[in-house]
Amino acid sequence: MTTTLITGANRGIGLALARVAIENGHAVLGTARDPAAATELRDAGARVLGLDVADLGSVEALAGELAGEPIDILVNNAAIYPDKAGIEATDLDAFSRTMETNVRGPIAVTRALLPNLRAGDRRVIATVSSSMGSIAKADSGRSYAYRMSKAAVNMMAKALAAELTDFVCLAVDPGWVRTDMGGAGASISPRESAAGVFRVVDGARAEQTGGFIRYDGTTLPW
Ligand SMILES: NC(=O)c1ccc[n+]([C@@H]2O[C@H](COP(=O)([O-])OP(=O)(O)OC[C@H]3O[C@@H](n4cnc5c(N)ncnc54)[C@H](OP(=O)(O)O)[C@@H]3O)[C@@H](O)[C@H]2O)c1
């Protein structure tokens, strides 16, 4: 059985991805900042674990809890998008929080769980990025901290792929999704996004490593 760990799996795309992975026979380790409140995730059949990706002590505690347990696929999904402002109103206080969550978080979790991933059969590390992090597609401005954090995880996928040559390391764009983050006017449902993200991560192939792949399987420009 494939074991998949998904961060931020208590709501939004993470919860939908946990459901799709379980329906497809994966054992899902789903993390939540407040595990006691993650009832939908637990009801979906996931093993619920506590994790705040911005808190390095919490990351280490998770690694300690999972010591010796193989993990096949890691999906770094948890992220925040606290500030959509343009340059004059951009919230500088939100910057460090965004970077600690969206960039240092995936790096810390990946580093901490590397022994588990090395013990797994699949060796896939997927970090949920966004088309907002594509420098080639950035023609609308604003949202500085979020855009820059997603450009940074794109680099993370590329650098990990160069270093971890026996892994498949991907940046995955889930599309514009109707979640708390994406808003009610977004173009696709969490389930549609999650079904696509699942196909990408479950079907990840060696030649795709270092790629920036959309939920529909197409490759995005950096
Ligand atoms: N929705 C979109 O249109 C869209 C588009 C492109 C990319 N994305 C990306 O897709 C991923 C999921 O987004 P979403 O739309 O599902 O967002 P969401 O509905 O806002 O959910 C975010 C998830 O991340 C968790 N999280 C936030 N900060 C965390 C922290 N410090 N530690 C651990 N968990 C934390 C949240 O947990 P709490 O419940 O505890 O806050 C929640 O589970 C993100 O990487 C996002 O950037 C989304």
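Rules used in this analysis
Residues numbered from 1 in each chain as written. Predicted model: local features only at pLDDT ≥ 70, side-chain atom pairs only at ≥ 80, totals over all residues. Heavy atoms only, no water. Near = heavy atom within 4 Å. Polar contact = N/O pair within 3.5 Å; in protein donor to acceptor, adjacent residues only side chain to side chain. Helix = DSSP H or I, 4+ residues; strand = E, 2+ residues; numbered from the N terminus. Nonpolar A, V, L, I, M, F, W, Y, C, P; charged D, E, K, R; others polar. Buried < 20%, exposed > 50% of the residue type's maximum accessible area, 1.4 Å probe, protein only. Pairing = 2+ DSSP bridges. Right-handed = clockwise from strand over helix to strand, strands pointing away. Arc of directions from axis to C-beta. Contact = heavy atoms within 4.5 Å.

Asks: Can you walk me through the site of the ligand in this structure?
Replies: Around the ligand there are 28 residues in total, and Arg11, Arg33, Asn77, Tyr146 and Thr179 lie nearest to it. Arg11 places a side-chain nitrogen or oxygen 2.6 Å from an oxygen atom of the ligand. Between the ligand and the protein, one listed contact pairs a nitrogen atom with a backbone N or O atom of Val53 at 2.9 Å. Contributions of two or more residues to the shell around the ligand are made by α1 (12-23) and α5 (144-163). Of the residues in the shell around the ligand, the class split is 13 nonpolar, 10 polar and 5 charged.

Asks: It is not clear to me how the pairing of strand β6 (residues 168-173) should be interpreted in this structure. Could you clarify?
Replies: In regular strands, side chains alternate between the two faces of the sheet. For β6, the buried fraction is high: 6 of the 6 residues fall into the buried class. Burial of β6 is two-sided: the residues Val168, Leu170 and Val172 facing one way and the residues Cys169, Ala171 and Asp173 facing the other way are all buried. Here strand β5 (residues 124-128) pairs with β6 via 5 bridges, running parallel. Within the sheet, the bridge partner assigned to Val128 lies in β6 and is Val172. Of the crossover connections in this fold, the one passing from β5 over α5 to the parallel β6 is right-handed. Both β6 and strand β7 (residues 211-214) contribute to a ladder of 4 bridges, which runs parallel. In the strand pairing of β7, Leu170 is matched with Gly211. Viewed along the sheet, the connection from β6 through helix α6 (residues 190-202) into β7 turns out left-handed.

Asks: I would appreciate a short explanation of the pairing of β5 in the present structure.
Replies: When you tally the buried positions in β5, you get 5 out of 5 residues, the bulk of the element. Side chains Val124, Ala126 and Val128 of β5 all project onto a buried face; the interleaved residues Ile125 and Thr127 project onto the opposite face, where all are buried too. Examined bridge by bridge, strand β4 (residues 73-76) and β5 share 4 bridges and lie parallel to one another. Bridged to Asn76 within β5 is Thr127.

Asks: I would appreciate a short explanation of helix α3 (residues 56-65) in the present structure.
Replies: Residues that lie three or four places apart on an α-helix share one face, since the helix turns once every 3.6 residues. Buried within α3 we find Ser58, Val59, Leu62 and Ala63. For α3, the buried positions fall inside an angular range of 140° around the axis, keeping them on one side. Where α3 is buried, its residues meet β1 (3-6), β2 (27-32), β3 (47-50) and α4 (92-118). Among the residues of α3, the N-terminal cap falls to Asp55, whose side-chain oxygen and the backbone nitrogen of Gly57 are separated by 2.9 Å.

Asks: Even after reading the chapter, I still don't get the environment of Leu17, so can you show me in this structure?
Replies: Relative to the helices and strands, Leu17 resides in helix α1. In sequence terms Leu17 and Pro190 are 173 residues apart; their C-alpha atoms lie 8.1 Å from each other. Not counting the four nearest positions on each side in its chain, Leu17 is found in contact with Ile6, Val75, Ala194, Val197 and Phe198.

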